[in-house]
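# A structural walkthrough
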Amino acid sequence: MNIKNAQKDVDDWIKEHGVRYFNELTNMAQLTEEVGEVARIIARRYGEQSEKESDKDKDLGEELADVLFVTLCLANQTGVDLQAAFDKRMYKKGKRDHDRHHNNEKLK
């Protein structure tokens, strides 16, 4: 699946199940909430905090998918072609950072 197809899948889901998109501010708040859930799992599972019993069944993949879903909603409702934007960003990063990380002594 490419990003353009994912945006269409989300739009189709919203039309079939979601009635309409939440407004942009609501979705931004929801995105922040979902990123917080990802951060909680990462901090407790891979960081130095202990993982609570109630968090052990949380699925990182599902939480990341929630972040992606809301991101796709925001792209759809603001008219962003996320596939084109992602491709452009990857090109810029590849050009700008081609040697940057290979020359970073901290990464060796």
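Nothing here was measured: the structure is a model prediction, and the numbers come from that model.

Look at helix α2 (residues 24–45): 31 Å from first C-alpha to last across 22 residues, which is about the 32 Å you get at 1.5 Å a residue. Those residues of α2 that fall on the buried side of the exposure criterion are Asn-27, Leu-31, Glu-34, Val-38, Ile-41 and Arg-44. Buried residues in α2 make contact with α3 (60–78). Regarding α2, its N-cap is Asn-23, as a side-chain oxygen of that residue lies 3.0 Å from the backbone nitrogen of Leu-25 further along.

The subject of this paragraph is the packing of aromatic side chains. Applying the stated rule across the entire model yields 1 aromatic pair. Summarising the aromatic geometry, the rings of Trp-13 and Phe-69 are spaced 5.5 Å apart at their centres and angled 90 degrees between planes, so their arrangement reads as edge-to-face. One end of the pair, Trp-13, is in helix α1 (residues 3–18); the other, Phe-69, is in helix α3, with 56 residues separating them in the sequence. For Phe-69, a relative accessible area of 29% translates into the label partly exposed.

The subject of this paragraph is the pattern of salt bridges. All told, the structure shown has 11 salt bridges when counted by the stated rule. Where Arg-40 meets Asp-55, a salt bridge forms, and the shortest distance between an N and an O atom there is 2.9 Å. Here the residue Arg-40 occupies a position in helix α2, and Asp-55 occupies one in the loop between α2 and α3, the gap between them amounting to 15 residues. The exposure class of Asp-55 is buried, given its relative accessible area of 6%. Between Lys-56 and Glu-53 there is a salt bridge whose closest N-O contact spans 3.6 Å. Ionic contacts of the salt-bridge type, sharing partners, join the residues Lys-93, Arg-96, Asp-97 and Arg-100 into one network.

So, how was this worked out
- Sequence order as written defines the numbering, with residues in each chain counted from 1.
- A pLDDT threshold of at least 70 governs which residues receive local features in this predicted model, and a stricter bar of 80 or more applies before side-chain atom pairs are shown or counted, although totals over entire chains, interfaces and linings include all residues.
- Based on all heavy atoms of the structure, the side-chain values leave hydrogens and waters out of the count.
- Strands are runs of DSSP state E lasting at least 2 residues, helices are runs of H or I lasting at least 4, and numbering of each runs from the N terminus.
- To estimate the expected span of a helix, count its residues, drop one, and scale the result by 1.5 Å.
- Exposure is judged per residue with a 1.4 Å probe applied to protein chains only, and the accessible area is read against the type maximum: over 50% gives exposed, under 20% gives buried, and values in between give partly exposed.
- What makes two residues a contact is simply this: any of their non-hydrogen atoms within 4.5 Å.
- N or O atoms within 3.5 Å of each other form a polar contact, as long as, within protein, one can give a hydrogen and the other can take it, and as long as residues adjacent in sequence are counted only when both atoms are side-chain atoms.
- Pairing of aromatic rings covers Phe, Tyr and Trp, the last counted by its six-membered ring, and requires centre-to-centre distances within 6.5 Å; plane angles under 30 degrees mean stacked, over 60 mean edge-to-face, and any other angle means tilted.
- Counted as salt bridges are all cases of a side-chain nitrogen of Lys or Arg within 4 Å of a carboxyl oxygen of Asp or Glu.

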